[in-house]
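Summary of structural features
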Amino acid sequence: MFVAENLKNVLAQLPKGVRLVAVSKFHPNEAIEEAYSAGQRIFGESKVQEMTSKYETLPKDIEWHFIGHLQTNKIKYMAPYVSMIHGIDSYKLLAEVNKQAEKVGRTIKCLLQLHIAQEETKFGFSADECRQMLATDDWKSLKNVKICGLMGMASNTDNIEQIKLEFRYLHSVFKDLKATVFSDSDAFCELSMGMSHDYPQAIAEGSTMVRIGSKIFGERNYN
Ligand SMILES: *Cc1c(COP(=O)(O)O)cnc(C)c1O
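Let me begin by describing the structure that accompanies this report. (Residues numbered from 1 in each chain as written. Predicted model: local features only at pLDDT ≥ 70, side-chain atom pairs only at ≥ 80, totals over all residues. Heavy atoms only, no water.)

**What about the site of the ligand?**
- For the ligand, the full set of nearby residues is V23, K25, I67, M151, M153, M195, S196, R211, I212, G213, S214 and R220.
- In the environment of the ligand, a nitrogen atom lies 2.9 Å from a nitrogen or oxygen atom belonging to the side chain of R211.
- Within the side chain of R220, a nitrogen or oxygen atom sits 2.7 Å from an oxygen atom of the ligand.
- With the chains in place, 91% of the 390 Å² that the ligand exposes on its own is no longer accessible.
- Assessed atom by atom at 2 Å from the grid points, the ligand resides in the largest pocket.
- At the level of secondary structure, the elements contributing two or more residues to the shell around the ligand comprise β6 (145-153) and β8 (209-212). (Near = heavy atom within 4 Å. Polar contact = N/O pair within 3.5 Å; in protein donor to acceptor, adjacent residues only side chain to side chain. Areas by Shrake-Rupley, 256 points an atom, 1.4 Å probe, with all protein chains shown as cover. 1 Å grid on protein atoms, 1.4 Å probe; cavity = no way out; pocket = protein on both sides within 12 Å on 5 of 7 lines; lining within 4 Å. Sits in = over half its atoms within 2 Å of the grid points. Helix = DSSP H or I, 4+ residues; strand = E, 2+ residues; numbered from the N terminus.)

Here it is as structure tokens:
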């Protein structure tokens, strides 16, 4: 019963307007079912194959969010059901999601991922690259994707001030884009930031969507 208990504790800390993506990657269906029974409906996964087999076997009112690094050749497997893709970091990827969504007659919600951490290993646009991509207008012709906001991961550090600065920066880019490029888009409203170790800072800096895994499901077993 620890999953339901942990879920309850996390939810109790989320202010109104902040939604929870329960990150269930590497955890079995039983763990997801426990969270589902406790009322959770949004789950996040980082591998297309794993998410698809969970989608096929679990209740159909679950909203599946893809939060991993995306490979173009895998998009077609999730296009029929995925609710939101958090990690768009190139125009090419956005265009490919659009193409696969069109094939199945859907519009897929996407978040643009910005690189805000100091580590080199994290994916994402720089703010300049992102603005350049949006300045070309090409994306406006993509009718089967909807850009719903931004996503980012802070540095993996114990330096709380550093983490806050990174989230604050992402929020500032978000506000700027919302006031300019997306000024007539109600859909551009999500700021996906915050994980188990830094969600309180993310919420303080304007997150609307936290992605929390280990704090709910326990440590992941990668074997
Ligand atoms: C795994 C993952 C999470 C959840 O991480 P926890 O530390 O377990 O909360 C959140 N976001 C992304 C992009 C992830 O890959």
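**A few points about the environment of H115**
- Here H115 is to be found in strand β5 (residues 108-115).
- By relative accessible area, which is 27% here, H115 ends up partly exposed.
- A distance of 3.3 Å separates a polar atom in the side chain of H115 from the backbone oxygen of E119. (Buried < 20%, exposed > 50% of the residue type's maximum accessible area, 1.4 Å probe, protein only.)

**Side note on the nonpolar core**
- Grouped together as the largest cluster of nonpolar side chains are 63 residues, with contacts concentrated most on I85 and L150.
- Here the element with the most residues in this core is helix α7 (residues 160-179); it accounts for six residues.
- Not counting the four nearest positions on each side in its chain, I85 is found in contact with F66, L70, M78, V97, I108, K109, C110 and L111.
- Of all hydrophobic cores here, the second largest spans nine residues; its members include V21, I42, L111 and C148. (Core = buried A, V, L, I, M, F, W, Y, C linked by side-chain atoms within 4.5 Å. Contact = heavy atoms within 4.5 Å.)

**Quick word on the pairing of strand β2 (residues 42-45)**
- By the alternation rule, side chains of β2 split into I42 and G44 and F43 and E45, which are all buried.
- Where strand β1 (residues 19-23) and β2 come together, two bridges link them in parallel fashion. Paired with A22 across the bridge in β2 is F43.
- Of the crossover connections in this fold, the one passing from β1 over helix α2 (residues 29-37) to the parallel β2 is right-handed.
- Relative to strand β3 (residues 63-66), β2 is paired through four bridges, and the arrangement is parallel. Paired with E45 across the bridge in β3 is F66.
- In terms of handedness, the path from β2 via helix α3 (residues 48-57) over to β3 forms a crossover that is right-handed. (Pairing = 2+ DSSP bridges. Right-handed = clockwise from strand over helix to strand, strands pointing away.)

**A closer look at helix α1 (residues 2-12)**
- Those residues of α1 that fall on the buried side of the exposure criterion are V3, A4, L7 and V10. With its buried residues spanning 125° around the axis, α1 presents them on a single face. In α1, the exposed positions that point more than 90 degrees away from the buried face belong to K8 and A12.
- Lining the buried residues of α1 we find β1, α2, α8 (199-204), β8 and α9 (214-217). (Arc of directions from axis to C-beta.)

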